[in-house]
4 protein chains.
Amino acid sequence: MRDTAVLLIDCPDRKGLVACVSGMLYERGANILHADQHIDHELEMFFMRVEWALRGTNSEGKGFDLEAFKAEFAPRAAELNMHWTLSSGSRRVRVALFCSQYLHCVADLLYRWKTGELECEIPLVVSNHATVADLAAFYGVPFEHLPVNAATRGDVERRQLQLLASHNVELVVLARYMQILSAEFVARYPAGIINVHHSFLPAFTGARPYHAAHERGVKLIGATSHYVTEALDDGPIIEQDVARISHRDQVEDLVARGRDLERMVLSRAVRWHLERRILCYGNKTVVFD
Amino acid sequence: MRDTAVLLIDCPDRKGLVACVSGMLYERGANILHADQHIDHELEMFFMRVEWALRGTNSEGKGFDLEAFKAEFAPRAAELNMHWTLSSGSRRVRVALFCSQYLHCVADLLYRWKTGELECEIPLVVSNHATVADLAAFYGVPFEHLPVNAATRGDVERRQLQLLASHNVELVVLARYMQILSAEFVARYPAGIINVHHSFLPAFTGARPYHAAHERGVKLIGATSHYVTEALDDGPIIEQDVARISHRDQVEDLVARGRDLERMVLSRAVRWHLERRILCYGNKTVVFD
Amino acid sequence: MRDTAVLLIDCPDRKGLVACVSGMLYERGANILHADQHIDHELEMFFMRVEWALRGTNSEGKGFDLEAFKAEFAPRAAELNMHWTLSSGSRRVRVALFCSQYLHCVADLLYRWKTGELECEIPLVVSNHATVADLAAFYGVPFEHLPVNAATRGDVERRQLQLLASHNVELVVLARYMQILSAEFVARYPAGIINVHHSFLPAFTGARPYHAAHERGVKLIGATSHYVTEALDDGPIIEQDVARISHRDQVEDLVARGRDLERMVLSRAVRWHLERRILCYGNKTVVFD
Amino acid sequence: MRDTAVLLIDCPDRKGLVACVSGMLYERGANILHADQHIDHELEMFFMRVEWALRGTNSEGKGFDLEAFKAEFAPRAAELNMHWTLSSGSRRVRVALFCSQYLHCVADLLYRWKTGELECEIPLVVSNHATVADLAAFYGVPFEHLPVNAATRGDVERRQLQLLASHNVELVVLARYMQILSAEFVARYPAGIINVHHSFLPAFTGARPYHAAHERGVKLIGATSHYVTEALDDGPIIEQDVARISHRDQVEDLVARGRDLERMVLSRAVRWHLERRILCYGNKTVVFD
């Protein structure tokens, strides 16, 4: 686990923002590991990500005092109308995985988590099917089987929200979870639910995108990971990728090729979220590399 | 110029089609250079492309007798309900290039033609702007400047069709030609008009796709080459490609990146068409590699 | 499991080969699903892959008689100096997985096998480390832990060969197996051992390719799957893929990005091998799509 | 032409560098458009690129005073052991294009220059063949035809250096120039000569890389743009790209596919150089996006 702090900022653009933030960090002896900014000249918005070491860095060899910095930074940030989050890498984000019958994404995420590629806690796997039970057991993650139908949808969502709350979940990953979440549910986790859609959005929204892609005769298929908002398949896009297909590929071939795309774009999105590389604004994302 | 013949076939699938065609070619001493088939099991359609040498090949060392083969093949093909075209590589397809103000595609095609990468005749460049005049002159291709407006559209199309007819044009390439062709015009050249659309179809159809892509916040932009049908941006897709973009890219960056994509997908489509690699069926293409 | 037969042929090129093979299949009422040929005009070699249905296809509605075809085809093939293999899709290839401490490839292959993406039997996992034990157990595959050192190498290989023989293994997949196999071992499985090398061969052969790539400052890293021959990292290449990196990526980032490349190129190679899409000739492969 | 200034810095890493530079710019009222840093933790090196507007920006509405900033920055930079370059976008870099018989790269660069995609001056095209004469004339660029052979090499290089000096050339682009430059020549333009090599370096260095790639049976071909150093094909890599090939592709197909790769990687490298996005260190490049 990297013992670092990450400061994410977005605010109206103005002169001196970089100087201000880097100056304050310098005064406290921060050893900056990465710093990146972006200015959207249309919206006149400023975005910044700074990552610095928390250990044995300042002149007295003491660790960086995160709380003291926070106390000093908060009022300055308020003056500059900054939205900001300061997170310590030593604290792992708590993630819940939702899936249905297709397990390739959830299996991939669990493997990457187990091997340390995804630095987070996974206290919960939820599915409307029981098929994921063995996998969850193998990785030692509690599994909740919550079947859904039109009649029970409301109750199930309430139960899901209880579980998320009781496990202090901060990020919900829809790993091919084939149920639509209500606006109320989504509203509880702003920029806190990541979904993978098995098409190159905005093409082929909705159900059965591989069938639609085959029907249209496209030469590339895609997958898209995005934050979930009220509007289905319309949230801020985090990552997309494509694969070449040909006239020889039938729908089942597209589905198979697509599984690899889905794994890739979803796992990248989750990793970037955990590394605090993503800032949402409007309906877009800034992804700091 | 390759001195070869290419036979393109599509017909209802049934047993023995490969045996039938390859057998007839073998009996006439054809030296097959490439042969490829495709069977669409949904539509129960059969597609075949065979290419063979025309020179000094048979037992008597005489060249392959194309006309005799045609005479023999025609009735057999009729029995099998084949659509087929038999073309000789020694005859170059006659191509007209249509463009407007953006010249990157037409410049690219003219260069590839001049250097022999595109084996065809280009007897005509048509534009509703004069900007391409120097380029056409440099490559020694007659240029017709035909401005278009709502009032003159009909007359201009009639003039364009006259020009195409008088130059025996078989393929029209819309190299970023920003005017919409009438259904009547399109109907005159079935699978004979290739267009490039500056998006990853079916995403962002219509005008200003790069603006729409930027607005949506996609992470990849694309370009698509396709045959033109009545329905705008809805014809059979020949080739697509994409390029990665980031939050740093503004619309003008997308436009610049896109120019390279457009050049690539359009030039590939034209080359494949000239090499008789493409078969249209339904609203799709088979592209034999 | 697809109930199909696949005939793979390579032989000196001559006229009438397609007609001959397709004719013989037609006479026996084969329902051809896919047929593809390739002619290497330099080497004057002919390559062909034909796949046809084995069930209820001929006039009498009887299944295709594979043995009868074989008996008839063999002498004809001999006359034409064909190397050929006729395999029935209803028989699954028996595959052994070898790995060491990095488990991403073996985990990926086991998952694809379990979900039916790889149609084969996996009777054996072998490793010089014990770390794969749980994974093998989860998938219900017998695991043999065979530590290797300079002194025991010979004995270990003998033991490995015994195991492969006793399990009737036909394909050995080196899924990041970090031990070099002896020429004797390799000779026992011609075109029967698939390895993944974590570089874009022929760049960065040998050990620590990611370190070498980082040292050289390349902008893309790659991975390569290939058949193993005596010469290390020099066997016929089956598949390669690359990923873009930047100056920000340190060696550990390359290693992480590379894992996904390795999984992809190795799993594709194994799938294509199982689908009998690959023909080796000289030091190259023909991969029929 | 963007009326901006770009400051490129590399120096030993230490705390406060971002604060120092951004602070000095802020005090002078710089309106920063882009800022990016990179820290190489192995080498403990710091790299920074800052771009800011030069027009009507400070409190008095006066333009940014570049000379005054330079005078103030220089001593501070010296204390911090910075290598730095401060360039004004309003001054176009002067570029010479060298080519031989293959003109696809030089034609591409001239087109991109003419259309404003490459913001530079091109006062000179040099070739050891006359084939580029028409193209240079079309674009209105003076062309020097300087044939080379073993006997005249030295004299030709002296003549070339005279021409470069008399045209105040700052960047030499080897657009498929098939002659090897002497160490003396190269030494005159450190990080000032960009070459394109038609392979995925470090694979297939030296002559006829496409033949070597075909011989080896790779599944992807590549192209690489790099700064020229004494060691052939071993300079700092700027950009690389690849294209998928198959067993069907003969050497001439690789050459044709490769032309597009060469155009892309070379034009990107030249554009990035002109936009001052590239920093060389050791034998690598930092390319700020």
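About the criteria used
- Residues numbered from 1 in each chain as written.
- Chains lettered and ligands numbered in written order.
- Predicted model: local features only at pLDDT ≥ 70, side-chain atom pairs only at ≥ 80, totals over all residues.
- Heavy atoms only, no water.
- Buried < 20%, exposed > 50% of the residue type's maximum accessible area, 1.4 Å probe, protein only.
- Helix = DSSP H or I, 4+ residues; strand = E, 2+ residues; numbered from the N terminus.
- Contact = heavy atoms within 4.5 Å.
- Buried area = accessible area lost by both parts, 1.4 Å probe.
- Salt bridge = Lys/Arg side-chain N within 4 Å of Asp/Glu carboxyl O.
- Polar contact = N/O pair within 3.5 Å; in protein donor to acceptor, adjacent residues only side chain to side chain.
- Pairing = 2+ DSSP bridges.
- Axes fitted to C-alpha atoms, helices over the stretch in contact; angles between N-to-C directions.
- Least-squares fit on C-alpha atoms with pLDDT ≥ 70 in both.
- Disulfide = S-S within 2.5 Å.
- Domains from an automatic or database assignment.
- Nonpolar A, V, L, I, M, F, W, Y, C, P; charged D, E, K, R; others polar.

Asker: Honestly, helix α3 (residues 104-114) of chain A in this entry has me stumped. Any pointers?
Answerer: Side chains three or four residues apart in an α-helix point the same way, a direct result of the helix having 3.6 residues per turn. Residue and element names in this part refer to chain A. Burial analysis of α3 places 10 of its 11 residues in the buried class, the great majority of the element. Looking at α3, one finds that the buried residues are H104, C105, V106, A107, D108, L109, L110, Y111, R112 and W113. After α3 finishes, the residue G116 shows a positive phi value of roughly 85°.

Asker: Mind showing me how you'd approach the interface of chain C and chain A here?
Answerer: A common way to report how large an interface is uses the accessible area buried once the components associate. Each partner contributes to the interface: chain C provides 15 residues, whereas chain A provides 15 residues. Buried area between chain C and chain A, summed over both chains or domains, comes out near 1,500 Å², and the portion from carbon and sulfur atoms is 53%. Interface area lost by chain C to chain A is led by Y111(C), F138(C) and R248(C), which between them contribute 34%. Linking chain C with chain A are six salt bridges, by the criterion used here. Here R112(A) ties to D260(C) by a salt bridge, and the two come within 2.7 Å at their closest N and O atoms. Between the two partners, chain C and chain A, sit nine residue pairs in polar contact (both at pLDDT 80 or more).

Asker: Just checking my understanding: could you explain the side chain of S199(B) for this structure?
Answerer: Residue and element names in this part refer to chain B. Mapping S199 onto the fold places it in the loop between β9 (193-197) and α7 (209-216). With relative accessibility at 2%, the residue S199 sits in the buried group. Polar contacts involving the side chain of S199 include one to the main-chain carbonyl oxygen of F204, which spans 3.1 Å. Ignoring anything within four residues of it in the chain, the contact list for S199 reads F204, P209, G222, A223 and T224.

Asker: Is there a simple way to think about the sheet that holds strand β7 (residues 143-145) of chain C in this case?
Answerer: Sheets are built from strands that pair by backbone hydrogen bonding, the pairs being arranged parallel or antiparallel. Residues and elements named next belong to chain C. Judged by pairing direction, the sheet is mixed, and its seven strands sit side by side in the order β7-β6-β5-β8-β9-β10-β11 without closing on themselves. At either end of the open sheet lies a strand with only one pairing partner, and these are β7 and β11 (237-244). Across the sheet, the mean angle separating the axes of adjacent strands is 15° when strand polarity is ignored. Pairing between strand β6 (residues 120-127) and β7: three bridges, direction parallel. Along β7, the bridge assignment pairs S127 with H145.

Asker: Mind showing me how you'd approach the pattern of salt bridges here?
Answerer: It is possible for side chains bearing opposite charge to pair when their charged atoms get close. This structure, assessed with the given rule, holds 84 salt bridges over all chains. When the shortest N-O distance is used, the salt bridge between E72(C) and R28(C) registers 3.0 Å. Residue E72(C) is located in helix α2 (residues 66-79), and its partner R28(C) is located in the loop between α1 (17-27) and β2 (31-40); the two are separated by 44 residues in the primary sequence. For R28(C), a relative accessible area of 30% corresponds to the partly exposed category. For the salt bridge of R244(C) with E239(D), the shortest nitrogen-to-oxygen distance reads 2.8 Å. With R244(C) in strand β11 and E239(D) in strand β11 (residues 237-244), the pair connects residues from two separate chains. Classification of E239(D) as buried rests on a relative accessible area of 3%.

Asker: It is not clear to me how the relation of the copies chain B and chain A should be interpreted in this structure. Could you clarify?
Answerer: Between the two copies, chain B and chain A, the superposition gives an RMSD of 0.0 Å; the rotation angle is 180° and the shift along the axis is 0.0 Å. Interpreted geometrically, this transformation is the action of a two-fold axis. If distances are taken from each C-alpha of chain B to the rotation axis, the shortest is found for A203(B), at 2.3 Å. Of the interface residues in chain B, 100% have counterparts in chain A that sit at the interface too, so the contact is made through matching surfaces.

Asker: I keep staring at the state of the cysteines and nothing clicks. Help me out?
Answerer: Note on terminology: disulfide describes a covalent bond linking the sulfur atoms of two cysteines. Under the criterion given, the structure shown has zero disulfides over all chains. As a non-bridged cysteine, C11(B) has C20(B) as the owner of its nearest cysteine sulfur, 9.1 Å distant. Left unpaired, C105(C) is separated from the closest cysteine sulfur, that of C99(C), by 9.7 Å.

Asker: Mind showing me how you'd approach the relation of the copies chain C and chain A here?
Answerer: Between the two copies of this chain, the relationship is a rotation about some axis together with a displacement along it. Expressed as a screw operation, the relation of chain C to chain A combines 0.0 Å of axial shift with a rotation of 180°, fitting to an RMSD of 0.0 Å. When the interface residues of chain C are mapped onto chain A, 100% of them are again interface residues, pointing to one common binding face.

Asker: What exactly am I supposed to notice about the domain arrangement of chain A here?
Answerer: Residue and element names in this part refer to chain A. In terms of domain boundaries, chain A breaks down into domain 1 (4-88) and domain 2 (93-287). The gap between the C-alpha centroids of domain 1 and domain 2 is 31 Å. In this complex, domain 1 contributes 12 residues to the contact, which on the side of domain 2 involves seven residues. Between domain 1 and domain 2 lies a buried interface of about 830 Å² when both sides are counted; carbon and sulfur atoms form 63% of it. Together, L8, F47 and R49 form the three largest contributors to the area buried by domain 1 at its contact with domain 2, with a combined 51%. Summed over the shared surface of domain 1 and domain 2, the result is zero salt bridges. At the junction of domain 1 with domain 2, the criterion picks out four residue pairs in polar contact (both at pLDDT 80 or more). Those elements that provide at least two residues to the side of domain 1 that touches domain 2 are β1 (4-12), β2 (31-40), β3 (45-53) and β4 (83-88). Looking at the side of domain 1 that touches domain 2, its residues break down into six nonpolar, three polar and three charged.

Asker: I would appreciate a short explanation of the pairing of strand β12 (residues 278-281) of chain A in the present structure.
Answerer: All names here are of chain A. The sheet contact formed by β12 and strand β13 (residues 284-287) spans four bridges and is antiparallel. By the bridge assignment for β13, I278 is matched with V287. Where β12 folds back on β13, the antiparallel hairpin that results is connected by two residues, among which G282 adopts a positive phi of roughly 55°.

Asker: Just to check I follow, could you spell out the environment of V95(A) for this structure?
Answerer: All names here are of chain A. Looking at where V95 falls in the secondary structure, it is placed in strand β5 (residues 93-99). Classification of V95 by relative accessible area gives buried; the value is 1%. Sequence spacing of V95 and I122 is 27 residues, and the spatial spacing of their C-alpha atoms is 4.9 Å. If we ignore the near neighbours within four places in the chain, the residues touching V95 are C120, E121, I122, P123, L124, V169, L171, V173 and L274.

Asker: Is there a simple way to explain the side chain of S267(B) in this structure?
Answerer: Residue and element names in this part refer to chain B. Checked against the element boundaries, S267 lands in helix α8 (residues 251-274). Residue class for S267 comes out buried when judged on its relative accessible area of 5%. Here the side chain of S267 touches R263 through a polar contact of 2.8 Å, landing on its backbone oxygen. In contact with S267, other than residues within four places in its own chain, are D108, L109, R112 and L118.

Asker: Any chance you could explain the sheet that holds strand β11 (residues 237-244) of chain A here in plain terms?
Answerer: All names here are of chain A. Here seven strands make up an open sheet; going across it, the order is β7-β6-β5-β8-β9-β10-β11 and the pairing mixed. Since the sheet does not close on itself, it has two edges, and those belong to β7 (143-145) and β11, each with one partner. The average angle at which neighbouring strand axes cross in this sheet is 15°, direction not considered. Taken together, the four bridges between β5 and strand β8 (residues 171-174) define a ladder with parallel strand orientation. Residue pairing for β8: L97 is matched across the bridge by V173.

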